[in-house]
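Coordinate analysis (summary)
Each chain, written out:
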Amino acid sequence: ETGVTQSPTHLIKTRGQQVTLRCSSQSGHNTVSWYQQALGQGPQFIFQYYREEENGRGNFPPRFSGLQFPNYSSELNVNALELDDSALYLCASSLDDRSYGYTFGSGTRLTVV
Amino acid sequence: QKEVEQNSGPLSVPEGAIASLNCTYSDRGSQSFFWYRQYSGKSPELIMFIYSNGDKEDGRFTAQLNKASQYVSLLIRDSQPSDSATYLCVPDNYGQNFVFGPGTRLSVLP
């Protein structure tokens, strides 16, 4: 039990659909990042939120969007799903003192067919 | 973006041996590093954080940082089959996102 919870654990969607993935972080974890991990690759940074403001974004198109809420939860939205969006999506959160590193949730496995 | 180089492996070691995982970096501004372990299909979990030159030990794990030579390593003593996983060396990016490479896949053979 890492204290970072993601839902759902698995999801199958059809190309062109929209999906929302959710993450609930530990209290006090003001920073949350989302990563996409394809098979055999390291996690790729999508975006990061700090105190409900986006403060960093990776090389992902605008159809990837997110929100962070005051209760330490966040969500990742992906519009117009493509087959290549099939991956493990990871949420990671941390305290302001990041010497503790990021704590990852167990991930959401998204399959686009 | 702070990045590192790791041998993707697989690195195979017999059970009970010492596994040595290495990571080099080019950005001299990198001062501290995290080691994460990731089992197949699971999310990364933090093993060690090192920010000082020298060794840091935690149980069977020892992280080593050499800022002059710009490498960081992770030693796993008495390797067990349960240590078989991908190990990710990640430079601390001081408030910005982590940049992950593919890591090194370790296989501990019974």
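Notes on the structure in this doc start here.

How each quantity is defined
Residues numbered from 1 in each chain as written. Chains lettered and ligands numbered in written order. Predicted model: local features only at pLDDT ≥ 70, side-chain atom pairs only at ≥ 80, totals over all residues. Heavy atoms only, no water. Helix = DSSP H or I, 4+ residues; strand = E, 2+ residues; numbered from the N terminus. Rg over C-alpha atoms; globule rule 2.2 N^0.38 Å. Buried < 20%, exposed > 50% of the residue type's maximum accessible area, 1.4 Å probe, protein only. Areas by Shrake-Rupley, 256 points an atom, 1.4 Å probe, with all protein chains shown as cover. Lys, Arg positive; Asp, Glu negative; His and termini not counted. Charge placed at Lys NZ, Arg CZ, Asp CG, Glu CD. Phe/Tyr/Trp six-rings, centres within 6.5 Å; stacked < 30°, edge-to-face > 60°. Lys NZ or Arg CZ within 6 Å of the ring centre and 35° of its normal. Contact = heavy atoms within 4.5 Å. Buried area = accessible area lost by both parts, 1.4 Å probe. Salt bridge = Lys/Arg side-chain N within 4 Å of Asp/Glu carboxyl O. Nonpolar A, V, L, I, M, F, W, Y, C, P; charged D, E, K, R; others polar. Pairing = 2+ DSSP bridges. Axes fitted to C-alpha atoms, helices over the stretch in contact; angles between N-to-C directions.

**Remarks on the overall build of chain B**
Scanning chain B from N- to C-terminus turns up zero helices and ten strands. Here the C-alpha atoms of chain B give a radius of gyration of 13 Å, agreeing with the 13 Å that 2.2 N^0.38 yields for 110 residues. The dimensions of chain B, computed from C-alpha atoms along their principal axes, are 40 × 30 × 20 Å. Going through the 110 residues of chain B one by one, you find that 47% of them count as buried. Surface exposure of chain B reaches about 5100 Å², of which carbon and sulfur atoms provide 47%. Of the side chains in chain B, 9 bear a positive and 11 a negative charge, and the two mean positions are spaced by 2 Å.

**Points about the packing of aromatic side chains**
All names here are of chain B. Applying the stated rule across the entire model yields 16 aromatic pairs over all chains. A centroid spacing of 6.3 Å and a plane angle of 45 degrees characterise the contact between Phe34 and Tyr36, whose relative ring orientation is tilted. Here Phe34 and Tyr36 have matching classes, each one buried. The aromatic ring of Phe61 is capped on one face by Arg60, whose charged end is 5.7 Å from the ring centroid.

**As for the interface of chain B and chain A**
Contacts between the two partners involve 20 residues from chain B, matched on the other side by 21 residues from chain A. Across the chain B to chain A interface the summed buried area is about 1400 Å²; carbon plus sulfur atoms make up 52%. Run the count over chain B and chain A and you get zero salt bridges. Of all elements in the fold, only strand 4 (33-38) and strand 5 (45-50) of chain B reach the threshold of two or more residues within the side of chain B that touches chain A. Sort the elements by how many residues they give to the side of chain B that touches chain A and strand 4 of chain B lands first, with three residues. For the side of chain B that touches chain A, the per-class residue count stands at ten nonpolar, eight polar and two charged.

**So, unusual backbone geometry**
Residues and elements named next belong to chain A. Following Ser7, the chain continues into Pro8 via a peptide bond in cis, with omega recorded as -10 degrees. Here Pro8 lies in the loop between strand 1 (5-7) and strand 2 (10-13). Of note, Glu52 is a non-glycine position whose phi angle comes to about 75 degrees, a positive value. Mapped onto the elements, Glu52 comes out in the loop between strand 5 (44-50) and strand 6 (53-57). One non-glycine residue, Tyr72, adopts positive backbone phi at about 70 degrees. With respect to the secondary-structure elements, Tyr72 resides in the loop between strand 7 (64-68) and strand 8 (73-78).

**Let's talk about the sheet that holds strand 2 (residues 11-14) of chain B**
Through backbone hydrogen bonds, the strands of a sheet pair up, either in parallel or in antiparallel fashion. Residues and elements named next belong to chain B. Reading across the sheet, the five strands line up as 2-10-9-4-5 and stay open at both edges, with mixed pairing between neighbours. Of all the strands in the sheet, just strand 2 and strand 5 have a single pairing partner and so form its edges. Taken over all neighbouring pairs, the strand axes of this sheet differ in orientation by 25 degrees on average, direction set aside. Relative to strand 10 (residues 104-109), strand 2 runs parallel, the two being bridged by four bridges. Residue pairing in the sheet places Val13 in a bridge with Val108 of strand 10.

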